[in-house]
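# Observations on chain architecture
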Amino acid sequence: MINVDVKFFGPLRDIVRSNEISLEVPPPHSGDSTFDALVVIYPELSKWRPSVRLAVNFEYVPFTHNIRAGDEVSLIPPVSGG
Amino acid sequence: MVSISTSTINVPAIIAAVATPQSGAMDIFIGTVRNNSGARKISRLEYSAYVPMAEKLMTAIELDLRSKWSVHEVIMVHRVGMLEVGDVAVVTAVSSAHRKEAFEACRFAIDQIKSIVPIWKKEFADDGEMWVEGEHLEGIQEMKSGPFSA
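Everything quoted here is computed from the prediction, not taken from an experiment. The numbers attached to residues start from 1 for each chain and follow its sequence in the written order. Labels follow written order: the first chain is A, the first ligand is 1, and so on. Per-residue local features of the predicted model are confined to residues with pLDDT of at least 70, and side-chain atom pairs are confined, for both listing and counting, to 80 or more; whole-chain, interface and lining totals are unaffected and use all residues.

### Structural notes on the overall build of chain B
- Strands are runs of DSSP state E lasting at least two residues, helices are runs of H or I lasting at least four, and both sets are numbered from the N terminus onward. The helix and strand tally for chain B stands at three helices and nine strands.
- Listed by position from the N terminus, the elements making up chain B come as β-α-β-β-β-α-β-β-β-α-β-β.
- A buried classification covers 39% of the 150 residues belonging to chain B. Burial in this document is a count-based property: other C-beta atoms within 10 Å of a residue's C-beta are tallied, and the residue is buried at 20 or more, exposed at 12 or fewer, or partly exposed in between, with C-beta positions derived from the backbone.

### Focus: the interface of chain B and chain A
- Distance between backbone-placed C-beta atoms decides contact: two residues are in contact if it is within 7 Å. On the chain A side, the residues contacting the 24 residues of chain B number 13 residues.
- The set of elements that each furnish at least two residues to the side of chain B that touches chain A consists of helix 2 (51-68), helix 3 (99-116) and strand 8 (119-125) of chain B.
- Tallying contributions element by element places helix 3 of chain B first for the side of chain B that touches chain A, with four residues.
- When the residues that make up the side of chain B that touches chain A are grouped by side-chain class, the tally is 14 nonpolar, five polar and five charged. Gly is placed with the polar residues, together with every amino acid not listed as nonpolar (Ala, Val, Leu, Ile, Met, Phe, Trp, Tyr, Cys and Pro) or charged (Asp, Glu, Lys and Arg).

### Section: the sheet that holds strand 3 (residues 53-56) of chain A
Residues and elements named next belong to chain A.
- Spatial strand order, 2-1-5-3-4: five strands in an open sheet with mixed pairing. A strand with exactly one partner marks an edge of an open sheet, and here the two such strands are strand 2 (20-25) and strand 4 (59-61). Adjacent strand axes in the sheet meet at a mean angle of 35° when their direction is disregarded.
- A pair of strands counts as paired when DSSP detects no fewer than two bridges linking them. Pairing between strand 3 and strand 4: three bridges, direction antiparallel. Among the inter-strand pairings, Ala-55 is bridged to a residue of strand 4, identified as Tyr-60.
- In this description, a line fitted to the C-alpha atoms serves as the axis of each element, helices being fitted only across the stretch in contact, and the angle between N-to-C directions of two axes falls anywhere from 0 to 180 degrees. Relative to the sheet, helix 2 (residues 31-41) contacts strand 1 (2-8), strand 2, strand 3, strand 4 and strand 5 (73-76), its axis offset from that of strand 2 by approximately 110°.

### Some points on the sheet that holds strand 1 (residues 2-5) of chain B
All names here are of chain B.
- Ordered in space as 1-5-7-2, the four strands form an open sheet in which the pairing is mixed. On the outer flanks of this sheet lie strand 1 and strand 2 (25-32), each paired with one strand and no other. The mean angle between the axes of side-by-side strands here comes to 10°, regardless of whether they run parallel or antiparallel.
- In this sheet, strand 7 (residues 88-96) lies alongside strand 5 (residues 74-79) in antiparallel orientation, the contact comprising five bridges. Pairing of Met-76 across the sheet is with Thr-92, part of strand 7.

### Regarding the environment of Gly-81 of chain A
Residue and element names in this part refer to chain A.
- The topology assignment puts Gly-81 in the segment after strand 5.
- The buried category is assigned to Gly-81, around which 29 C-beta atoms lie within 10 Å.
- Taking the C-alpha atoms as reference, Gly-81 lies 28 Å from Val-4; in sequence the two are 77 residues apart.

### A word on helix 2 of chain B
- Along its 18 residues, helix 2 of chain B runs 26 Å from first to last C-alpha, staying within 8% of the 26 Å computed at 1.5 Å per residue.
- Residues of helix 2 of chain B that are buried include every one of Val-51, Met-53, Ala-54, Glu-55, Leu-57, Met-58, Ile-61, Glu-62 and Leu-65 of chain B, and no others.
- Next to the buried residues of helix 2 of chain B lie strand 3 of chain A together with strand 1, strand 4 (40-49), strand 5, helix 3 and strand 8 of chain B. What a helix should span is 1.5 Å times the count of its residues minus one.

### Observations regarding the environment of Thr-64 of chain A
Residue and element names in this part refer to chain A.
- For Thr-64, the position within the fold is in the loop between strand 4 and strand 5.
- Distance from Thr-64 to Val-4, taken between C-alpha atoms, is 15 Å for residues 60 residues apart in sequence.
- Apart from residues no more than four positions distant in its own chain, Thr-64 is found in contact with Ser-30, Gly-31 and Asp-32.

### A few points about helix 2 of chain A
Residues and elements named next belong to chain A.
- All of the buried residues along helix 2 are Gly-31, Thr-34 and Leu-38. What you see down the axis of helix 2 is that its buried residues fit within an arc of 65°, all on one side.
- Structurally, helix 2 contributes buried residues whose contacts are with strand 1, strand 2, strand 3, strand 4 and strand 5. By arc we mean the arc of the directions from the helix axis to the C-beta atoms, nothing more.

### Here we look at the confidence of the model for chain B
- Of all residues in chain B, 89% attain a pLDDT of 70 or more, and the chain-wide mean is 90.
- A low-confidence stretch, residues 136-150 of chain B (pLDDT under 50), is modelled with 54 contacts involving residues beyond four sequence positions or located in other chains. Every residue is assigned a pLDDT by the predictor, reflecting its confidence on a scale from 0 to 100.

### Some words on the packing of helix 2 of chain B against helix 3 of chain B
Residues and elements named next belong to chain B.
- As a packed pair, helix 2 and helix 3 sit with axes 10 Å apart at the nearest point and diverge in direction by 150°. By the angle between their axes, helix 2 is roughly antiparallel relative to helix 3. Between helix 2 and helix 3 the crossing geometry is right-handed. Where helix 2 abuts helix 3, its residues Leu-57, Met-58, Ile-61 and Leu-65 lie against Ala-105, Phe-108, Ala-109, Gln-112, Ile-113 and Ile-116.
- Of the residues that constitute the contact of helix 2 with helix 3, the class distribution is nine nonpolar, one polar and no charged. When describing relative orientation, an angle under 35 degrees is termed roughly parallel and one over 145 degrees roughly antiparallel, while 65 to 115 degrees is termed roughly perpendicular and anything else oblique. Crossings are sorted by hand: turned counterclockwise from the far helix by less than a right angle, the near helix makes the crossing left-handed, and turned clockwise it makes it right-handed.

Right, here's the structure in full:
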């Protein structure tokens with residue numbers, strides 16, 4: 001298990017009622033396993049899986065991306081700037 | 001120059017900053033807060049951003065743009081916080097020798113911002129609040145960006 005801090009934005013903050021959540025992620029330490037661990041706590045997140053993007057260290061990466069302790073992990077819901 | 005700003009965007013300052021002696025064209029896109037969203041009456045919009053990633057991606061957009069078009073100055077600024085109808089939410093400004101490059105590059109900049117930069121808006125309408133799912137300068141002088149400015 002590793003400890004991962006996940007940042008939330010926009011509508012996802014309304015679901016988790018926080019800007020950031022710290023959780024223990026089982027191996028493999030990927031975006032997928034991180035999301036799965038979050039869905040256990042916040043089932044409502046599951047409907048966002050198709051549209052949400054994963055960012056690690058300020059870059060979009062696939063959910064298969066390997067997450068390491070200390071990475072900045074963020075869930076990015078569909079953007080609506082402009 | 002790119003930035004996420006918590007203060008009013010100074011459009012004249014941006015225009016002055018992209019002007020160069022060798023430029024024969026400047027294209028400025030100004031995105032403002034509209035009073036409606038379809039049938040809904042909008043009173044204000046709240047923009048938030050993942051600031052460090054937003055600025056990183058906006059810088060990447062500028063580099064991409066410069067690889068595609070020959071341009072002089074590029075400025076992209078998106079505001080965050082609570083905005084009223086009519087307020088300027090985003091400005092993209094490009095200068096170049098001739099108009100074609102400036103038009104195309106400016107459009108590319110705003111289109112890319114709207115599609116990939118982690119910025120979100122929440123509408124405050126007569127029938128309640130709603131996050132927009134979808135598709136944002138500052139004065140060049142005050143570039144304030146803090147984590148999760150809201």
